[in-house]
Amino acid sequence: YAAKRARAGVMRYDAATDPHSSGALELLGQLRAAMDSDQLALHYQPKVSGDGSRLLGFEALVRWNHPVRGVLLPADFLPFVERTHLIHALTRWVLITALRQAATWRAQGLQTSMAVNVSAVSLDAGLLGIVEEALALTRWNPADLVLEITETAIIHDPAGARATVARLRERGVRVAVDDFGAGSTSLVHLRGLAVHELKIDRQFVRDLAAHPEDEVIVSSVIALAHRLGLTVVAEGVETVAAADRLCALGCDELQGFHFARPLPAEEAVAWVRAEGLTGAAVELR
Ligand code: C2E
Ligand code: MG
Ligand code: MG
Ligand code: MG
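Residues numbered from 1 in each chain as written. Chains lettered and ligands numbered in written order. Predicted model: local features only at pLDDT ≥ 70, side-chain atom pairs only at ≥ 80, totals over all residues. Heavy atoms only, no water.

This part is about the nonpolar core. The biggest cluster of nonpolar side chains holds 88 residues, and the ones touching the most others in it are Met114, Leu145 and Leu147. For this core, the element with the highest residue contribution is helix H4 (residues 86-107), accounting for 12 residues. Beyond its immediate stretch of four places on either side in the chain, Met114 contacts Tyr44, Phe58, Ala60, Ala98, Leu99, Ala102, Trp105, Asp144, Leu145 and Val146. (Core = buried A, V, L, I, M, F, W, Y, C linked by side-chain atoms within 4.5 Å. Buried < 20%, exposed > 50% of the residue type's maximum accessible area, 1.4 Å probe, protein only. Helix = DSSP H or I, 4+ residues; strand = E, 2+ residues; numbered from the N terminus. Contact = heavy atoms within 4.5 Å.)

All right, on to the packing of aromatic side chains then. Considering all chains together, one arrives at 4 aromatic pairs under this definition. Plain terms: the ring middles of Tyr44 and Phe58 are 6.5 Å apart, the flat faces sit at 80 degrees to each other, and that makes the pair edge-to-face. Here Phe58 lies in strand E2 (residues 55-66) and Tyr44 lies in strand E1 (residues 40-49), a separation of 14 residues in the sequence. Classification of Tyr44 by relative accessible area gives buried; the value is 2%. With 5.4 Å between their ring centres and 90 degrees between their planes, Trp64 and Phe77 make a pair best called edge-to-face. Highlighted residues: Trp64 in strand E2 and Phe77 in helix H3 (residues 74-81), separated in sequence by 13 residues. By the ring-pair criterion, three or more aromatic residues cluster together here, those being Tyr44, Phe58 and Trp105. (Phe/Tyr/Trp six-rings, centres within 6.5 Å; stacked < 30°, edge-to-face > 60°.)

This paragraph deals with the packing of H4 against helix H5 (residues 125-138). One can describe the packing of H4 onto H5 by two numbers: an axis separation of 9 Å at closest approach and a directional angle of 25 degrees. Judged by the angle between their axes, H4 and H5 are roughly parallel. You can see that H4 and H5 cross each other, and the crossing is right-handed. Touching His88, Thr91, Arg92, Leu95, Ile96, Leu99, Arg100 and Ala103 of H4 are Leu127, Ile130, Val131, Glu133, Ala134, Leu135, Leu137 and Thr138, all from H5. Looking at the contact of H4 with H5 residue by residue, the class counts come to 10 nonpolar, 3 polar and 3 charged. (Axes fitted to C-alpha atoms, helices over the stretch in contact; angles between N-to-C directions. Parallel < 35°, antiparallel > 145°, perpendicular 65-115°, else oblique. Left-handed = near helix turned anticlockwise from the far one by under 90°. Nonpolar A, V, L, I, M, F, W, Y, C, P; charged D, E, K, R; others polar.)

In this structure, Ala115 sits in strand E4 (residues 113-117). For Ala115, a relative accessible area of 0% corresponds to the buried category. For Ala115 and Ser49, which are 66 residues apart along the polypeptide, the C-alpha to C-alpha distance reads 15 Å. In contact with Ala115, not counting residues within four places along its chain, are Lys47, Phe58, Glu59, Ala60, Val146 and Glu148.

So, about the confidence of the model for the chain. Averaged over every residue, the pLDDT of the chain is 88; residues scoring 70 or more account for 89%. Averaged pLDDT values over the elements of the chain bottom out at 44 in helix H1 (residues 2-7) and peak at 98 in strand E9 (residues 253-254). Interface confidence in the predicted complex, given as ipTM, is 0.98; pTM for the same model is 0.91. (pLDDT = per-residue confidence, 0-100.)

For the rest of this paragraph, the subject is the site of ligand 1. The environment of ligand 1 is made up of 22 residues, and the closest members are Arg63, Ser119, Arg202, Glu238 and Phe257. Here an oxygen atom of ligand 1 sits 3.0 Å away from a polar atom, N or O, in the side chain of Glu59. Measuring from an oxygen atom of ligand 1, one finds a backbone N or O atom of Phe257 at 2.8 Å. Taking a 2 Å distance to the grid points as the criterion, the majority of the atoms of ligand 1 fall inside the largest pocket. (Near = heavy atom within 4 Å. Polar contact = N/O pair within 3.5 Å; in protein donor to acceptor, adjacent residues only side chain to side chain. 1 Å grid on protein atoms, 1.4 Å probe; cavity = no way out; pocket = protein on both sides within 12 Å on 5 of 7 lines; lining within 4 Å. Sits in = over half its atoms within 2 Å of the grid points.)

The textbook angles at a metal center are 109.5 degrees for a tetrahedron of four donors and 90 or 180 degrees for an octahedron of six. Around the magnesium ion (ligand 2), the donor atoms from the protein are Glu59 (OE), Asn117 (OD1), Glu148 (OE) and Asp178 (OD), and they sit 2.0 to 2.2 Å away. In primary-sequence terms, the residues that donate to the magnesium ion (ligand 2) follow E-x57-N-x30-E-x29-D. Since its relative accessible area comes to 5%, Glu59 is described here as buried. (Donors = N, O, S within 2.8 Å, 3.2 Å for Na, K, Ca; no water.)

Turning to the pairing of E4, a few remarks are in order. Taking burial as the measure, the 5 residues of E4 include 4 buried ones, the bulk of the element. Judged from the 4 bridges that link them, E2 and E4 form a sheet pairing that is parallel. Bridge assignment links Gly57 to a residue of E4, and that residue is Ser113. Relative to strand E5 (residues 145-150), E4 runs parallel, the two sharing 4 bridges. When the bridges of E5 are listed, Asn117 appears paired with Glu148. (Pairing = 2+ DSSP bridges.)

In this section: H4. Over its 22 residues, H4 runs 32 Å from end to end, which matches the ideal 32 Å to within 8%, given 1.5 Å per residue. Positive phi appears at Gly109, one or two residues downstream of H4, with a value of about 100 degrees. (Expected span 1.5 Å × (residues − 1).)

Once that is clear, we can look at the environment of Ala242. If you trace the backbone, Ala242 turns up in helix H11 (residues 240-248). Here Ala242 falls in the buried class, since its relative accessible area comes to 0%. In sequence terms Ala242 and Thr97 are 145 residues apart; their C-alpha atoms lie 32 Å from each other. The residues touching Ala242, leaving out its near neighbours within four places in the chain, are Val205, Arg206, Leu208, Ala209 and Val237.

Dropping the structure here:
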């Protein structure tokens, strides 16, 4: 196991060489307790249809309401967590919490899929057990679970990623390549990887309407995705102009501040009601 990790390029945490070690170690020590208390929370950002009229799903994004430091974003603590085995406990916590929420919503009449981010270091055979446990605990339909993995995860260990994705697919779980276009490689690793979705990185999406070059890239990625039989999602949709262009270009799903920021569960439901979204996906009682 350690050898496999080493091959995958995962460094052992070395406090002696880490300039942030005391802060990082302190945070890591607190994370376990945070998972067992109410400090760790998921916010949910909606994904909507190209024309913005239908809710297609939510993406769960982790937040840490730290008693001293205030709200910590993933960038503030994930890099440290990913260097330790705690990342597996966090992946498990996020999956179970997100699917519990989704199952609760389903029972209330809100039918939606749920997307969860998986760190590169968690994309190994152990992930399959965690997914199995979360699906069983929540009686969730695997086809309504999306696991978002980044290109970095695929580059880490292409053969391992391919094997894990293939097994997730056999199990009926959907897999998305997150931040597509932002990694150092893409097409070589995309080939032979049985994913269902591409999420176009937000740097191409943000100023889409004003930058003809971005539009060429985005329309090409949409065409590529569709020819490969994949669903294509745009992240970071911040303006009505970008949303309109993406809709015209045939983008399947849109996500971004223009529609909603990541929201606590109660606010996410309130948003769905207030927007009056229609379609088979939403049957709020
Ligand atoms: P991501 O998966 O690409 O998630 C999208 C990020 O962009 C989120 O940041 C979201 O708040 C932000 N975003 C959404 N719409 C817009 C927009 O219109 N404009 C701009 N400027 N930003 C937008 P966040 O929540 O800080 O998460 C950052 C990254 O941390 C995520 O990127 C994901 O890679 C990782 N992450 C978040 N939650 C988890 C988690 O539970 N587990 C793991 N392993 N990684 C996570
Ligand atoms: Mg994501
Ligand atoms: Mg992304
Ligand atoms: Mg991103």
